[in-house]
Amino acid sequence: MNEFTTIPKNIILPPDQDYEFLRSEGLKHIENLASEVWTDYNAHDPGITILEALCYAITELGYRCGFDIKDFLRNEDGTLVNDQALYTAKEILTINPLTINDYRKLLIDIKGVHNAWLIADDVQYDEKKNQLPVNEVAVYADCENDQLTLIKNTNPLYLSGLYRVLLDLDFDDRFGDLNNGEIVFENPATEKFAQGEFFFSLELPSWKNADFNFPQNAGIETNIDSAVIVKKEQGWECMLTLVDISNLVFHISISKAPSSNTVDDSDVQEMFNNKKFISLVFKSYFEKIFLARNIVFLAGKSLQEHRNFCEDFISVTTIDDEEIAFCFDVDVNASADIEKIEAEIFYAIDNYLNPSVDFYSLKELLNKNIPVDEIFTGPILQHGFVDTEQLEHTTLRNIIHTSDIINLLMDIEGVQAIRNFLMTKYDGDGNKVAGSISEKWCMDISPWHKPVLSTDKSKIILFKNQFPFLSKYDEVRDTVLVLHAIHSKAKLNGLEDDLPVPEGSKRDTESHWPLQYDFPQTYGIGQSGLPSNASEQRIAQQLQLKAYLMFYEQLLADFFSQLTNADKLFSVAPITQTYFAQFLKDIKDIEKVYSTASATIENSIAIPDATTDLKNGWQQLYESKQIFEDRRNRFLDHLLSRFAESFNDYALLMFRINYEDKTQEKIEFKELTGAKINTLKYYPVISSERGKAFNYFPENYGPLTQVFTIDSTKLWDTDNVSGLEKRISFLTGITDVSRRFLYCIKNVEIICGEELVEVEGEEILKCFHTFSLVSLEGIKMNSLKYETKDAAIVAVNDAITLGADLDLSNYLFDITLQLIGHSNEILLESEAIFNDKPSSMEVAEKLATELSKDCNDPMGLHLIEHILLRPRPVNMGDQDFDLMEVCLHDCDCLCEMDPYTFRASVVLPYWPGHFDNMDFRNYFENKIREEAPAHVMLKICWLNNELMREFEVRYKSWIEALAAYSFDRVANLDTFKIANNLMIDILKKLHSEYPLATLHDCDESKEGSNTVILGKTVLGTFKN
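Residues numbered from 1 in each chain as written. Predicted model: local features only at pLDDT ≥ 70, side-chain atom pairs only at ≥ 80, totals over all residues. Heavy atoms only, no water.

Once that is clear, we can look at the overall build of the chain. The number of helices and strands found in the chain is 29 helices and 34 strands. Counting all 1024 residues of the chain, 48% fall into the buried class. For the chain, the proportion of contacts with a sequence separation of at least 24, taken over those separated by at least 6, is 70%. For the chain, the exposed area adds up to about 52900 Å²; of that, 52% sits on carbon and sulfur atoms. (Helix = DSSP H or I, 4+ residues; strand = E, 2+ residues; numbered from the N terminus. Buried < 20%, exposed > 50% of the residue type's maximum accessible area, 1.4 Å probe, protein only. Contact = heavy atoms within 4.5 Å. Areas by Shrake-Rupley, 256 points an atom, 1.4 Å probe, with all protein chains shown as cover.)

Right, dumping it as structure tokens:
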């Protein structure tokens, strides 16, 4: 198609670039202002000349203002300027997985995962079809005793937000279907059969059931004792015994029968008496299950990294197969390719049973006219984009209809008719499942099982002109693989996955051509100036006109500077000005106009700073500190409004309590703008992850070693916190979002004493140390002193085991720093400290150093998801997990029965900054409830220093125990149970601290006092 470029006859310009429009508007304005004294508006009039020159200059300004924003945001080298709150589609439109479809996309994006499903039923069923709560442990409400119980009754708790994840792993070129443990192998060379003449299948346990004690190396044959083969209805059964008497029973079947001979029991026995051959088979088997295991573990790791707030995953495993064989006759055209048609039949059936989820490039989806916001809906994927509509059509089938399959097969070119159609289901041992043999019309699939086409057990006979034909096995198998490769859109790599940032060109918006240079030369103000013989009066008139025009010159030049620095106005970088200017020193004869003020003006413009309290030259010329702060805030508000965010409520609470003067002070401009800037800087994170939970099971994975380990650096003193914590921190001015100790113990005083004690008849020197710990509030803790070492150890052990609040004022050294919540534990050896003075002094110095460290910034919060406190299974005979406290009221309100589902506790210190001001508390509580997911109920507590210390010690231990339990649920069960019980116990104790209020006489002035408000103050003593 030829494209023609034309020049329009009548050009319509914007008003600011239309000279005639500007001139006519200027004349109208002059007429309105000076029509009584000025009536000559002809072109020769100097006033009209000035008007025309100004209109011409304004058209240049209008032209530059019309540049694209991409041109203003470019550096000289063409790169995008830094510190802009402008984000690409991939950064700003994608989110942490929120819906089940989002999680399915995330999992399918993992290499090795073909499909995935999340089960979020409220109930599940036992073998007798009885309803059971979906949870590792069934919990019930005991309405009569007003508590939760593990004893079964008629009020079960149906915990929501828990998922069981089923993965369908890819078909691997080497190992086949990774969901099962089946190994297909060629027969070994024997006297009877040539190598590779037939294939047989070993139906071994899948990765999740593989617990046979083979060493994973090539020397397996040295561990084999015997292999006994027994003939079955379908194939053979093999019992393989190792030298340590452990054994494995598995089924053997023929995948491809030999054409010349029949395989009998002795042939199979001969093969499995070859220990070297068995070693190769099981080496391949171990590689297969290890590959499947790693894919599942990587899927679990990804799920934990993207877990939703107040939700959890009970299990992540692979789906179980149900093998289906198809038997039918096919009439085909006389000229049809038998192998090609049979391959297409297998492909069509396989795709019907288990349709693939395709990956698309960005260009493909844009060409399909899918809106950009829909393309980028969901999580960021590494291998392209998934069509949500197609994804929703890949649900698991619970029934197979014969009519559906026949309709698909009839669409294959060359197929004339399908006759004698039958379906048969097989179990894991290769036996036909009772009740599902030879189904003609439909076949039920067990819940949460995947139907799998068994090409080995299927029997398809193709007829040409009523003559049967058998296809070649190898050719059909290879053609099926080719068809899958052609039709599937596999995971993509290296393609563009984001819309590019528009490319702009750096424009010259700074340079200013003097307005006076456009005047007729007779005015003497152009580049040529006045003639050398000009009179003094003429020179004075010239300078007067230049001075008059400098008002317009400077205004226009400053406009150009403002355009040039537009990127700074909308940046999130620190700036000291919102107005920009340039000093005009290159205009001819301008130094005579400036006179002695030239240097002062130039210095003021060269060093702009509107942030200082002391007024400088810049503030006097352009903007005061007050104007700067107002404009800077309004620019930031504009950027925030682009994301539908506002700090208006926060700005109304711009105060902080001055504890010394008992007055309220405004929050500094720096703090308010800092909160806005941080929000804009990290907006992609606090926006996309607003519903994301913290990763309680952070793992490191070594691709080379293929080993998973816990990343302990992400448990404490870490920014691995929930998205809600990050978001609410940015929106309320909390700068440090990391999980850390908020409590503080200061002023450690060490008093060292010595005394002689008699031990087993000998006098030895006993060195004891007394610590006088003063809390942050300045209240000295009560003194405790233990007369004997044993008494101190017992008290400390009780504190650790039972969670008692051990007073740390005076104590011997037989405790650890974990009790006071510090991360750097010093384990103290009781005997060495008790008997050895130097060792005791060394530990005293270490302890004093640790306790004397500066406190963390106490402005922060902790968020505890109750669903993570749910009970877990325990060993037979062990004590069960403690359950959370409830208030049932005879179970008249179902919402009160479940303290786990979509509930969380928010814990904050009450003392720092303005946290103890009730107005700020109300703002914070309303804001966090507004920002939290609508279905989550929050309990908010403002704790004092001592209660915060006790909570944080237990909270840290619980997080570490939860991670360890998730890594090994057997070895770390007891430790996690203790930590979980202690957390539930401390949550019962949490209560908010409120400002002290006092009562007054009627005649007494209430000025300067705190009024009693129910639920928001603590009642003090009567004021006398």
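Summarising the element assignment, I95 is placed in the loop between α4 (89-92) and α5 (100-108). On the basis of relative accessible area, I95 is assigned to the partly exposed category, the value being 30%. Taking the C-alpha atoms as reference, I95 lies 7.7 Å from S687; in sequence the two are 592 residues apart. The residues contacting I95, other than those within four sequence positions of it, are D102, G378, P379 and S688.

Another point: the sheet that holds strand β6 (residues 162-169). One open sheet holds the three strands; their spatial order is β1-β6-β14, and the pairing between them is mixed. Since the sheet does not close on itself, it has two edges, and those belong to β1 (113-119) and β14 (312-318), each with one partner. Across the sheet, the axes of successive neighbouring strands diverge by a mean angle of 20°, strand direction being ignored. Relative to β14, β6 runs parallel, the two sharing six bridges. Bridged to V165 within β14 is V316. Of the strands in this sheet, β1, β6 and β14 are in contact with α5, which crosses β1 at around 150°. Here helix α7 (residues 275-305) sits on the sheet and contacts β1, β6 and β14; the angle it forms with β14, its principal contact strand, is near 160°. (Pairing = 2+ DSSP bridges. Axes fitted to C-alpha atoms, helices over the stretch in contact; angles between N-to-C directions.)

Another point: the sheet that holds strand β32 (residues 937-943). Where strands meet in a sheet, backbone hydrogen bonds hold them as pairs that are either parallel or antiparallel. The strand order β30-β31-β32 describes an open sheet built from three strands, whose pairing is mixed. Across the chains shown, the open sheet's two edge strands, defined by having one partner strand only, are β30 (862-865) and β32. Adjacent strand axes in the sheet meet at a mean angle of 20° when their direction is disregarded. For strand β31 (residues 903-909) and β32, the ladder comprises seven bridges, and the chain directions are parallel. Paired with V907 across the bridge in β32 is C941. Against the sheet, helix α27 (residues 918-931) engages β31 and β32, with an angle of about 150° to β32.

Right, let's get into helix α6 (residues 265-272). Taken as a whole, α6 has its buried residues at D267, V268, M271 and F272. Down the axis of α6, the buried side of the element spans an arc of 125°, and every buried residue falls inside it. (Arc of directions from axis to C-beta.)

L869, Y900, F924, I928, F951, W958 and L990 are the most contacted members of the largest nonpolar core, which has 73 residues in total. L869 has contacts with I864, M884, Y900, W958, N980, M983, I984 and L987, leaving out every residue within four places of it along the chain. (Core = buried A, V, L, I, M, F, W, Y, C linked by side-chain atoms within 4.5 Å.)

Turning next to the packing of aromatic side chains. Following the criterion strictly, the structure yields 38 aromatic pairs and no others. Plain terms: the ring middles of F250 and F282 are 6.1 Å apart, the flat faces sit at 70° to each other, and that makes the pair edge-to-face. Taken together, the positions of F250 in strand β13 (residues 247-256) and F282 in helix α7 put the pair 32 residues apart, joining distant regions of the chain. Each member of the pair, F250 as well as F282, is classed as buried. Seen from their ring centres, F741 and Y743 are 5.7 Å apart, and the 80° between their planes marks the pair as edge-to-face. Exposure class is identical for F741 and Y743. Each is buried. The ring of Y579 is capped by R631, whose NZ or CZ atom sits 3.8 Å from the centre of that ring. (Phe/Tyr/Trp six-rings, centres within 6.5 Å; stacked < 30°, edge-to-face > 60°. Lys NZ or Arg CZ within 6 Å of the ring centre and 35° of its normal.)

So, on to the pairing of β32. By the criterion of burial, β32 is predominantly enclosed, with five of the seven residues buried. The parallel pair β31 and β32, bridged by α27, forms a crossover whose chirality is right-handed. (Right-handed = clockwise from strand over helix to strand, strands pointing away.)

With a phi close to 50°, N465 is a non-glycine residue in the positive phi region. Here N465 lies in the loop between β22 (459-464) and β23 (467-469). The class for N465 is exposed, based on a relative accessible area of 60%. Of note, Q466 is a non-glycine position whose phi angle comes to about 70°, a positive value. Relative to the elements of secondary structure, Q466 occurs in the loop between β22 and β23.

Now for the pairing of β6. Buried residues dominate β6, accounting for seven of its eight residues. Pairing geometry for β1 and β6, over six bridges, is antiparallel. Pairing of W117 across the sheet is with L166, part of β6.

Further remarks concern the side chain of E344. Tracing the backbone through its elements, the reader meets E344 in helix α8 (residues 338-353). Setting aside chain neighbours within four positions, we find E344 in contact with I412 and L483.

A word on a nonpolar patch on the surface. Together, V228, V230, M239 and V249 line one region of the surface with nonpolar side chains, adding up to about 300 Å² of accessible area. When you line up the elements, V228 lands in strand β11 (residues 224-231). (Patch = residues over 30% accessible without salt bridge, like charges linked within 9 Å, V, L, I, M, F, W, Y side chains within 5 Å. Salt bridge = Lys/Arg side-chain N within 4 Å of Asp/Glu carboxyl O.)

Scored by pLDDT, the chain has a mean of 79; 79% of the residues are at 70 or more. The least confident element of the chain, judged by mean pLDDT, is helix α25 (residues 830-835) at 34; the most confident is β30 at 96. Residue range residues 747-757 is modelled with pLDDT below 50. Its contacts to residues more than four positions away, or to other chains, number 41 contacts. Across residues 764-841, where pLDDT falls below 50, the model places 184 contacts with residues more than four positions away in sequence or in other chains. (pLDDT = per-residue confidence, 0-100.)

The contact between helix α28 (residues 945-967) and helix α29 (residues 973-989) brings their axes to 8 Å, and the two run at 150°. Taken as axis vectors, α28 and α29 run roughly antiparallel relative to one another. α29 is crossed by α28, and the crossing has left-handed handedness. In this structure, α28 uses L947, E950, F951, R954, Y955, S957, W958, A961, L962 and Y965 to contact α29, whose residues at the interface are L973, T975, F976, A979, N980, L982, M983, D985, I986, L987 and K989. Grouping the constituent residues of the contact of α28 with α29 by class yields 14 nonpolar, three polar and four charged. (Parallel < 35°, antiparallel > 145°, perpendicular 65-115°, else oblique. Left-handed = near helix turned anticlockwise from the far one by under 90°. Nonpolar A, V, L, I, M, F, W, Y, C, P; charged D, E, K, R; others polar.)

Moving on: α5. The element α5 is largely enclosed, with a buried count of eight among its nine residues. Considered for burial, the residues of α5 that qualify are N101, D102, Y103, R104, K105, L106, L107 and I108.

In this fold, S688 is placed in helix α22 (residues 683-688). Of the residues examined, S688 reaches a relative accessible area of 16% and is grouped as buried. At 2.6 Å, the side chain of S688 and the backbone oxygen of P684 are in polar contact. Residues within four places of S688 in sequence aside, it is in contact with T94, I95, N96 and Y683. (Polar contact = N/O pair within 3.5 Å; in protein donor to acceptor, adjacent residues only side chain to side chain.)

Running from amino to carboxyl end, helix α19 (residues 625-641) crosses helix α21 (residues 669-681) at an angle of 20°, the nearest separation of the two axes being 10 Å. In terms of their interaxial angle, α19 and α21 are classed as roughly parallel. In the crossing of α19 with α21, the sense of the turn from one axis to the other is left-handed. Taking contact as the criterion, the partners of F628, E629, R632, N633, L636, D637, L639 and L640 in α19 are, on α21, F669, L672, T673, K676, I677, T679 and L680. Here the residues of the contact of α19 with α21 sort into eight nonpolar, three polar and four charged.

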